[in-house]
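Below are the chains, spelled out letter by letter.
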Amino acid sequence: MNASLRSMPSTIAYIKIITGSDMCGIGGFTRFTHSTGDEDTLQMMGQAIYHRGPDAGGVYLDDAVGLCHRRLAIIDLSDAGTQPMHSHDGHYVIAFNGEIYNFQPLRAELIADGYVFKSQTDTEVLMALYAKYGEAMMDYVHGMFAFALWDKRNKTLFIARDRLGKKPLYYYMKDDHFVFASELKSILPLDFIEKDIRADAVYDFFTYQYIPDPKTIFTDIYKLEPGHSLTVTAEGITKRQYWNVSFSEKIDGSSDDIASNLLNLIDENVKERMISDVPLGAFLSGGVDSSGITALMAKNSDAPVTTCSIGFDSKKFDEVKYALQVAEQYKTDHHELTVSENVTDKLETIVKYFDEPFADPSLVPTYFVSQLARQQVTVALAGDGGDESFAGYSKYGIDQLENNIRNRIPSPIRKWCLPVLHGVFKYVPGRLARKARTLLYTLSRSPAYGFFLSNSFLTEECWSGLVRPEFKTKLGGYHPSSVMLKHYEDANGESHLDKVLYTDIKTYLPGDILVKVDRMSMAHSLEVRAPLLDARIVEMAAKIPPEEKLKGKEKKHILKKAFSPYLSDDILYRKKMGFSVPLADWLRGEIKDISEKALFEQPTGISDFFNMTEVKRIWNAHQSKQYDYSSEIWSMVMFQLWYKEYMAG
């Protein structure tokens, strides 16, 4: 702590405002029992997430709490929006990351109650809501957010994360230390943090290509789960869940009525997310979700909508022609970029933004489309969330088919005969035999475990060959399936589809999709808003009968029906490509050299967990096109690049 700060009375807060450039991010700590940090600590924490907000930064420090903030100005560009922000009565201080989309009607109600506002920001509305409702304020706010609100009178730090997990929040707690931040890179440099790798998180990563909450790759550091809050006092920490999505009730009504009501709700959310004092545009992939959002933006805008698309040299993965079709239909200001020979140059840079191992290959196009968009706008709307709420992934149809077959097989045959047949096919060579073996194994397991297998990127057989005996012992019998099985069992819907959608909303959506979008957009100081991830839409979708989502082989039936007044059939009903990349080819060409060096020229990393002889065999088999090991190799490469950046140094 510096000398000027030590000389201040403990009851007087130290506030310093810094002007500069950065993106929305928060951090801080408590000092109830000892000095966790000082002003310099807060400055360091803010600087670590400088990329999240290039407009302003600030710190707040008193005898009990420290807060820091980096700001990307979206609403109210004046200095009145600078954070950490104080309430007009001085009772509260807040550091806030995100957007509250219904802040204007809330603000009007609070003004009617007599609250005096000093800014036009949604940030100040949060403090006024807390003053009126306390922690029950969470019932009133809709948006994407993570915030820390310090109640100076009651000596209570209240921290909350949005319902679906669009904005991140990490925290460390051990030995009376409590530290939190938008990203791990704000926490890791503190001198009392020990970067101990968590064994079960490593197994999770290689299974899912991400680490599901509340775990992180490090022991004693956690992710605050979506829809949860923390109350931190000198007595301890209390975590509670303030929101959950329910599949127990279903909507009565015709398909036409449901689609019409859904369209109206989506349109309302698009309009809410178009409120901005800075340039605004859209990601346009040419798929149903982003095309529908773009169409509604054009409907609600007097000026041409700015749209951005990413393409690939490989036609198998290139959707640009569909994006261009929508752009021409709605006369958007359209921009395109083809990802070809610049992946290697950016791969190590991309890894730095994730802080922990992450291997969804679509992080590459997401990085480049964010870079392209930021050259044109500060805020972009996206179609994320449609697949998880309305059954848009191919895996749902495959899983449904497998489950229908499973239900027709008598239990004794599933339990005893299928495993025997699976063992027989183990010794039969060829691609069809491998597929048969996989199907037999899936059908022999429960519906919940079958869905886990459809989400796993590493087979039991491959893991057993890779894992070192001493690391397997350290895992103590842990298996990553427990993550998904718990959520499947917690789901209160009656149908299998309800249960798997709930599971993905709790795991894949916040752990993979939203992490990817947040880190890659924040890398370019771009804010991304996803109308389909409004909690009211997710809640409505949960009430729609499963057969209106997955209708035979048709995925997202009701959402396509809702968008049908705005999109042509060749956009709505073409085969889904997804935000995929030519990964197998990249590993044999564009990124072969960097991948080989990462895997085989570093003395530590995956060699601490895996048998490198088996890693080499897998690498050679992929290079010779004997087998496609692209997912397994990519995960190992991304882990090793992360290890080099965060552990080897």
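Preceding this paragraph is the structure being described.
Residues numbered from 1 in each chain as written. Predicted model: local features only at pLDDT ≥ 70, side-chain atom pairs only at ≥ 80, totals over all residues. Heavy atoms only, no water.

Chemist: Teacher, can you tell me more about the side chain of Q640 here?
Modeler: By the element assignment, Q640 lies in helix α27 (residues 630-646). Accessibility expressed as a relative area gives 1% for Q640, which makes it buried. The contact partners of Q640, leaving out residues within four places of it in the chain, are A598, L599, Q602, T604, G605 and I606. (Helix = DSSP H or I, 4+ residues; strand = E, 2+ residues; numbered from the N terminus. Buried < 20%, exposed > 50% of the residue type's maximum accessible area, 1.4 Å probe, protein only. Contact = heavy atoms within 4.5 Å.)

Chemist: Mind showing me how you'd approach unusual backbone geometry here?
Modeler: Geometrically, the link from D213 to P214 is a cis peptide bond, its omega value of 5° lying close to zero. Its identity as a non-glycine residue notwithstanding, Q209 has a phi of 75°, on the positive side. The residue Q209 is located in the loop between α5 (199-208) and β11 (221-223) in this model. Residue Q209 is classed as buried on the basis of its relative accessible area of 2%.

Chemist: Where do I start with the pairing of strand β7 (residues 143-151) in this structure?
Modeler: In terms of burial, β7 is largely enclosed, as nine of its nine residues are buried. Residues G143, F145, F147, L149 and D151 point to one face of β7 and M144, A146, A148 and W150 to the other, with burial holding for every one of them. Relative to β7, strand β6 (residues 92-100) runs antiparallel, the two being bridged by nine bridges. By the bridge assignment, N97 is partnered in β7 with A146. Sheet topology places β7 next to strand β8 (residues 156-161); six bridges connect them, and they run antiparallel. Its bridge partner lying in β8, D151 is registered against T156. (Pairing = 2+ DSSP bridges.)

Chemist: Is there a simple way to explain the pattern of salt bridges in this structure?
Modeler: In a structure, side chains of opposite charge can pair up when their charged atoms sit close to one another. Tallying each qualifying case throughout the model produces 35 salt bridges. R52 serves as the salt-bridge partner of E183, at 2.7 Å between the closest nitrogen and oxygen. Of this pair, E183 sits in the loop between β10 (177-181) and α5 while R52 sits in the loop between α2 (39-48) and β3 (56-61), placing them 131 residues apart in sequence. Side by side, E183 and R52 carry an identical accessibility label, which is buried. Between K167 and D518 there is a salt bridge, with its nearest N and O atoms 3.9 Å apart. Highlighted residues: K167 in the loop between β8 and β9 (170-174) and D518 in helix α20 (residues 508-522), separated in sequence by 351 residues. Considered together, K167 and D518 belong to a single accessibility category, that of buried residues. (Salt bridge = Lys/Arg side-chain N within 4 Å of Asp/Glu carboxyl O.)

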